[in-house]
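Okay, here's what each chain looks like letter by letter:
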Amino acid sequence: MLTPLMEAIAAVVGPHCEVVLHDLSRGDLDSSVAAIVNGDLSGRTVGGPSTNLGAEVLRDPGIDHDAHGYRGRTADGRELTSSSVYYRDLEGHIIAAFCINVDLTPVQTAMNALGALVPEVRQDVVERPKELVGPDIATMLDDLVEEAIATVGKPVPSLTKPERIRILRLLEERGAFRIKRAADTVSARLGVSRVTVYGYLDEVRRG
């Protein structure tokens, strides 16, 4: 039912506009893409992964997650402006996400060529991208872990236990542990065992 609308939006905005329909009814973030137009923008195809926002939505599905005009970026660093709308079944469970991602590169390139300046991001906008869009779930998870580590501002070997727990708390808040094998990735990146990661995660979840 939504496929004609996806084609219509992409046709009007242009090839730099990706339109994606995610099936979230099964809670499978590894292969949630049910339909996609202009998937070259993110490198995804049907059967591709969700993003970190999908993990956050499934972690706390009771609230309104619809968002319009937020910033994101692709795995290769291109800036996006995006909107997401979530659909629910009759029981109120989130079953699908309709997402639009517009690559700002053509606009930025044109403005630079004309000697103009790209408008600065407002001070009230969080500096880190709200959404990370990549061709696979592993890339997205790696980006989440890197951002969480960066908030501490120290090399990984120098991290204390409270700092590692702080990193896991941020990852838990962003839904990272909804992703399969997240504990393996986090343990490898932090240089601790999976058992230690689960122990820290228990502390986070206990508050």
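Further up the page is the structure itself.
Read on for an overview of the structure. Computed from a prediction, not measured in an experiment: that's the story for all the values here.

## Digging into the nonpolar core
Moving on, step 1. In terms of nonpolar packing, the biggest core is built from 38 residues, with Ile167, Leu168, Leu171, Phe177, Val186 and Leu190 touching the most fellow members.
Moving on, step 2. Every element with two or more residues in this core is listed here: helix H2 (52-59), strand S3 (67-74), strand S5 (94-103), helix H4 (137-152), helix H5 (161-173), helix H6 (182-190) and helix H7 (194-206).
Moving on, step 3. For this core, the leading source of residues is H4, giving eight residues.
Moving on, step 4. Among all residues touching leucine 190, those that are not within four sequence positions of it are Ile149, Val156, Leu159, Arg164, Ile167 and Leu168.
Moving on, step 5. In this structure, Leu2, Ile9, Ala10 and Leu21 belong to the second largest nonpolar core, which totals twelve residues.

## A look at H7
Moving on, step 1. Helix length check: H7 (13 residues) gives 18 Å between terminal C-alpha atoms against 18 Å at 1.5 Å per residue, within 8%.
Moving on, step 2. Buried within H7 are the following residues: Val197, Tyr200, Leu201 and Val204. Looking straight down H7, one finds its buried side chains confined to an arc of 105°; they lie on one side. Of the exposed residues in H7, the ones pointing more than 90 degrees away from its buried face are Val195 and Arg206.
Moving on, step 3. Following H7 by one or two positions, glycine 207 has its phi on the positive side, about 85°.

## Brief notes about the state of the cysteines
Moving on, step 1. Counting across every chain of the model gives zero disulfides.
Moving on, step 2. The cysteine cysteine 17 is free of any disulfide, with cysteine 99 supplying the nearest cysteine sulfur at 11 Å.
Moving on, step 3. Cysteine 99 sits in the buried class, given a relative accessible area of 6%.

## Regarding unusual backbone geometry
Moving on, step 1. Positive phi is not limited to glycine here, since asparagine 38 has a value of about 60°.
Moving on, step 2. Examined against the element boundaries, asparagine 38 turns out to sit in the loop between strand S2 (33-37) and H2.
Moving on, step 3. Take asparagine 38: its relative accessible area is 27%, and that puts it in the partly exposed class.

## Quick look at the environment of valine 20
Moving on, step 1. Considering the arrangement of structural elements, one finds valine 20 in strand S1 (residues 17-23).
Moving on, step 2. Relative accessible area serves as the criterion here: at 0%, valine 20 is assigned to the buried category.
Moving on, step 3. It is 8.8 Å that separates the C-alpha atoms of valine 20 and asparagine 38, two residues lying 18 residues apart in sequence.

## A short note on H4
Moving on, step 1. Along its 16 residues, H4 runs 24 Å from first to last C-alpha, staying within 8% of the 22 Å computed at 1.5 Å per residue.
Moving on, step 2. Three or more residues of H4 are buried, namely Ile137, Met140, Leu141, Asp143, Leu144, Val145, Glu147, Ala148, Ile149 and Val152.
Moving on, step 3. The N-terminus of H4 is capped by aspartate 136, whose side-chain oxygen sits 3.1 Å from the backbone nitrogen of alanine 138.
Moving on, step 4. Positive phi appears at glycine 153, one or two residues downstream of H4, with a value of about 75°.

Reading the values: the criteria
Residues numbered from 1 in each chain as written. Predicted model: local features only at pLDDT ≥ 70, side-chain atom pairs only at ≥ 80, totals over all residues. Heavy atoms only, no water. Core = buried A, V, L, I, M, F, W, Y, C linked by side-chain atoms within 4.5 Å. Buried < 20%, exposed > 50% of the residue type's maximum accessible area, 1.4 Å probe, protein only. Helix = DSSP H or I, 4+ residues; strand = E, 2+ residues; numbered from the N terminus. Contact = heavy atoms within 4.5 Å. Expected span 1.5 Å × (residues − 1). Arc of directions from axis to C-beta. Disulfide = S-S within 2.5 Å. Polar contact = N/O pair within 3.5 Å; in protein donor to acceptor, adjacent residues only side chain to side chain.

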